[in-house]
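Remarks on the overall topology
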Amino acid sequence: MLFRSRRIAMVYTKALSHTEADARSYLALAESLRLTDFNPLTVDWQNPVPWYEDGGCEMSDSSGCLMPLSAGFGIVLGFGAFFSVFTTLLVKLESAFGGVTMTSEHFNTAGRDVKTGLTASVIVSQWTWAATLLQSSNVAWQYGISGPFWYAAGASIQVLLFGVLAIEVKRKAPTCHTFLEMVKVRWGKPAHFTFIFFAFCTNILVTSMLILGGADCMSATSGMDTVLAGFLIPIGVIAYTVAGGLKATFLASYVHTSIIFAGLVTFVTYTYGVNRCPTEFGTNPWTSSITVDGVAHSIPDEQCNNIGSASVMYERLMFVSALPVNTANGTHHGPPVLGTDSLNHNGAGAPSYLTMLSAKGLMFGIINVVGNFGTVFVDQSYWQSAIAASPAASHKGYLMGGLVWFTIPFALATSLGLAGNALNVRLTGAEAGRGLVPPAAATVMIGNGGGVFMIMMLFMAITSTGSAECIAVSSLVAYDIYREYINPNATGKDILRVSRIVIVVWGLFSGCISAILLACDIGLGWVYNFMGIIIGSAVFPVAMLILDNRLPAVGAITAAFTGMICAIIAWIVVADAEYKSVSVDTLGTEEAQLAGNVTAIFSSVIICVFFMLTKPQNFDWGEFKEKIKLIDDQVVDIPSWEMSDEFLDKAKAWIIKYGVNISLVLIFAWPMATIPFGVLPKAVYNLWAALAFMWGWVAAIAIIGLPIYENRATFVAVMTCNPIAKKETKTAEVEAAPISATSA
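Thresholds applied
- Residues numbered from 1 in each chain as written.
- Predicted model: local features only at pLDDT ≥ 70, side-chain atom pairs only at ≥ 80, totals over all residues.
- Heavy atoms only, no water.
- Helix = DSSP H or I, 4+ residues; strand = E, 2+ residues; numbered from the N terminus.
- Buried < 20%, exposed > 50% of the residue type's maximum accessible area, 1.4 Å probe, protein only.
- Expected span 1.5 Å × (residues − 1).
- 1 Å grid on protein atoms, 1.4 Å probe; cavity = no way out; pocket = protein on both sides within 12 Å on 5 of 7 lines; lining within 4 Å.
- Points joined across faces, edges and corners; volume = space filled by probe spheres on them.
- Nonpolar A, V, L, I, M, F, W, Y, C, P; charged D, E, K, R; others polar.
- Core = buried A, V, L, I, M, F, W, Y, C linked by side-chain atoms within 4.5 Å.
- Contact = heavy atoms within 4.5 Å.
- Polar contact = N/O pair within 3.5 Å; in protein donor to acceptor, adjacent residues only side chain to side chain.
- Phe/Tyr/Trp six-rings, centres within 6.5 Å; stacked < 30°, edge-to-face > 60°.
- Axes fitted to C-alpha atoms, helices over the stretch in contact; angles between N-to-C directions.
- Parallel < 35°, antiparallel > 145°, perpendicular 65-115°, else oblique.
- Left-handed = near helix turned anticlockwise from the far one by under 90°.
- Patch = residues over 30% accessible without salt bridge, like charges linked within 9 Å, V, L, I, M, F, W, Y side chains within 5 Å.
- Areas by Shrake-Rupley, 256 points an atom, 1.4 Å probe, with all protein chains shown as cover.
- Salt bridge = Lys/Arg side-chain N within 4 Å of Asp/Glu carboxyl O.

1. Notes on the overall build of the chain
- Counting its secondary structure elements, the chain contains 26 helices and four strands.
- When burial is assessed residue by residue, the chain has 62% of its 744 residues classed as buried.

2. Focus on helix 13 (residues 391-422)
- Between the first and last C-alpha of helix 13 there are 47 Å, a value that for 32 residues agrees with the 46 Å anticipated at 1.5 Å per step.
- One or two residues past the end of helix 13 sits asparagine 424, with phi positive at roughly 60 degrees.

3. Considering unusual backbone geometry
- Although it is not a glycine, asparagine 424 sits at a positive phi angle of roughly 60 degrees.
- With respect to the helices, strands and loops of the structure, asparagine 424 is situated in the loop between helix 13 and helix 14 (429-433).
- The phi dihedral of lysine 580 falls on the positive side, at around 60 degrees, and the residue is not glycine.
- Along the chain, lysine 580 turns up in the loop between helix 20 (553-579) and helix 21 (584-587).
- For lysine 580, a relative accessible area of 68% puts it in the exposed group.

4. Focus on the layout of surface pockets
- Space inside the second largest pocket adds up to approximately 1100 Å³.
- Together, 35 residues line the second largest pocket, and Asn138, Gln142, Gly429, Ala430 and Gly433 are the ones closest to its centre.
- Elements represented by at least two residues in the lining of the second largest pocket include exactly helix 5 (130-143), helix 11 (359-377), helix 14, helix 18 (524-535) and helix 21.
- Looking at the lining of the second largest pocket, the element that brings in the most residues is helix 5, giving six residues.
- Within the lining of the second largest pocket, the residues separate by chemical class into 14 nonpolar, 15 polar and six charged.

5. Comments concerning the nonpolar core
- Of all hydrophobic cores here, the largest spans 222 residues; its most connected members are Trp129, Phe179, Met182, Phe195, Phe624 and Tyr685.
- In this structure phenylalanine 179 touches Ala199, Val378, Gln380, Trp383, Val542 and Leu545, once residues within four positions along its chain are discounted.

6. Notes on the environment of leucine 41
- Structurally, the position occupied by leucine 41 is in the loop between helix 1 (20-33) and helix 2 (69-97).
- On the basis of relative accessibility, which here comes to 1%, the residue leucine 41 falls in the buried class.
- With 248 residues separating them along the chain, leucine 41 and serine 289 place their C-alpha atoms 9.9 Å apart.
- The contacts of leucine 41, once residues within four sequence positions are left out, are Leu16, His18, Ala23, Tyr26, Leu27, Ile290, His297 and Ile299.

7. As for the side chain of serine 415
- By the secondary structure assignment, serine 415 is in helix 13.
- Residue serine 415 is classed as buried on the basis of its relative accessible area of 0%.
- From its side chain, serine 415 meets the backbone oxygen of alanine 411 in a polar contact 3.0 Å long.
- Leave out the neighbours within four places in its chain, and serine 415 touches Phe267, Val268, Thr271, Tyr272 and Met313.

8. A few points about the packing of aromatic side chains
- This structure, assessed with the given rule, holds 43 aromatic pairs.
- Arranged with centres 5.2 Å apart and planes meeting at 75 degrees, the rings of phenylalanine 149 and tryptophan 150 form a pair that is edge-to-face.
- Residue classification places phenylalanine 149 among the buried positions, given a relative accessible area of 0%.
- Consider the rings of phenylalanine 406 and tryptophan 670, whose centres lie 5.8 Å apart with planes at 35 degrees: the pair is tilted. Within this pair, whereas phenylalanine 406 is found in helix 13, its partner tryptophan 670 is found in helix 24 (residues 645-674), the two being separated by 264 residues in sequence. With respect to class, phenylalanine 406 is no different from tryptophan 670; both count as buried.

9. Description of empty space enclosed by the protein
- Taken as a whole, this structure holds three cavities of 30 Å³ or more when the rule is applied.
- Considering only enclosed or pocket space, the second largest cavity measures out at about 90 Å³ in volume.
- Every residue lining the second largest cavity is counted, 13 residues in all, and those nearest its centre are Thr207, Ile211, Pro234, Gly466 and Ser510.
- Residue contributions to the lining of the second largest cavity peak at four residues, all from helix 16 (residues 448-486).
- Here the residues of the lining of the second largest cavity sort into eight nonpolar, five polar and no charged.

10. Comments concerning the packing of helix 20 against helix 22 (residues 590-614)
- Across the interface, helix 20 lies against helix 22 with an axial gap of 7 Å and an inter-helix angle of 155 degrees. Relative to helix 22, the element helix 20 is oriented roughly antiparallel. In terms of crossing hand, the pair formed by helix 20 and helix 22 is right-handed.
- In the contact of helix 20 with helix 22, the residues fall into 15 nonpolar, nine polar and two charged.

11. Some points on helix 5
- Spanning 14 residues, helix 5 covers 20 Å between terminal C-alpha atoms, matching the ideal 20 Å at 1.5 Å per step.
- Summarising burial for helix 5: 13 of the 14 residues are buried, a large majority.

12. Details of a nonpolar patch on the surface
- Among the surface-exposed residues, Leu357, Ile656, Val660, Leu664, Phe668, Met672 and Ile675 lie close enough to one another that they form a single nonpolar patch of about 590 Å² accessible area.
- Checked against the element boundaries, leucine 664 lands in helix 24.

13. Focus on the pattern of salt bridges
- Within this structure, the stated rule accounts for 15 salt bridges.
- Notably, a salt bridge pairs lysine 682 with aspartate 37, separated by 2.6 Å at the nearest N-O pair. Here aspartate 37 lies in the loop between helix 1 and helix 2 and lysine 682 lies in helix 25 (residues 682-710), a separation of 645 residues in the sequence.
- On the basis of relative accessibility, which here comes to 23%, the residue lysine 682 falls in the partly exposed class.
- For aspartate 37, a relative accessible area of 4% translates into the label buried.
- Linked through salt bridges whose partners overlap, the residues forming this network are Glu168, Arg171, Lys172, Asp649 and Lys652.

So, in structure tokens, the structure goes:
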């Protein structure tokens, strides 16, 4: 057998030895799999590679942690303090040199003139949850290549399609602050209360996932108490969000996105492109050998824990899945999901990590699609970004944001997620479910610095999305509760004060929610798959709020609540039918959560369509502009051409064309194209990995560079201390041609 010599990056961890029987079985298996790029004798398959030291990893004893407890506090509190000062400074500089005045409108809408690059950057940042970095690699570790793909595709299409809603907001409700304001005008108080409930459910679920993922990772890597971490993580977010509002959130999100993409390209490049392993057998450290059936085979004295090419990754995964099932001591040998995945087979009839024909992966994909429609369409933070964007930038920003975001779970999990198996990293199923695959794989492959960098990326994701959720909740409370029911004559100063108070309260409340979930032993993966069951039924009514004037209030309310109730029933019934019991564990299975998610969205659609056909409302879109008023008299003057029907109609046609077509490619065309292959051949997998690599680099350059280019005038003004003239303002309502009651 010929194993090509390669320079593969390495982290030597321990002495390497094999028994003759083990070596014989490995060589025979390699021969049957026709391996040419990977020598299985270079890995100790009996002892998985540890990614943390033996010993304690808790507040009282952090000797076994990836990093000291002090480093954990430094990341949580130090980065929070830094971004509080940094973003506040940026907001002050923009105010001094960019011609911007802080009002309640600017605090909650960022002036409604954010350009394409920054809009896309913000979308990427607020859509990059802890789960994006952690759960995507967990499903790669469980299911193989189908996991990262379905995570990325299943959560990208919502952002692509939301671009349609973003342009419709500019056409029909250019003065709104929240989507619930539109609910109140169109459907009245009962519907307003209904969707306030669903909006807050969404914010709670999203915030919970952020803090759960962060708290678990900080605990596992530094020993910090999970409950304490859950309360400390929001503190830094609160500081700069209170000071600068939505624009501070946007500026911080840009910095966070830049750091996340710097880490992304580093890990993808290191996984597939760095080669530093010994080049020849028989030279140091290839000083040992083992004789099998009279033939001497050279092996390194110490194990090399890196990959270095797509071909080696491919062969390692082939070998791991062909090994006998073994989960002892953190080992993860054997087929994906322990052989229960009956659809994905390699030539020998065993499941493979290298196929899209994965039943469990497809279940996760459907759950992902349904659940994430809820966390985009019913989350005020995405409406807020649409409101903040200029009309000329909103649709393009969402399309660019969706395409750029796709590469984060796809490329990162295709590297670190798969490497968790390929490198034989010591991970239990419970640890993977807590989101520890990426830091574990990064630590084994690069060293402690890799693991710490991964934790820093995680903290960037948590704080950026957390700040967006804080602003979203503060807007809902300020405009839809305080202004609507407590103080209808609220001034801009009143709104600003309430918004800032709510941000502080919500930050503390989110820590309490995470503590409750941790006490119930509910983890990130469970909550991620559960979210669609609760909020999925609100998706279609919320979409029809701005897309179709026929849905009446009774239909929207009935669909939202009935769909949720049906989903909960289906979720519980399937868990009981499949596993003969109802518990946190059985309710967290793919079958039960799939049933609940699908029931939520489809029952809601059926109910809405029934009411639209039998009892249409025929709402007059012009009421949005007549009844939704601005708080501050002065608003930024939007160029009239951007608000013209001609431009907005073209923008709508553009986002429908590209958003819908790209979504169809991701959800249908791409997966169907892989079906004839079954298990991907090595050449096709090399193309797959190359696509992840190139997409990651192109996305990083675009999302970091475009906002700088678009805002170059402000940068020049700051660097030359030459302020830009104050933007012209007006007291009249935003100019726009009237929209008829029947225009779609």
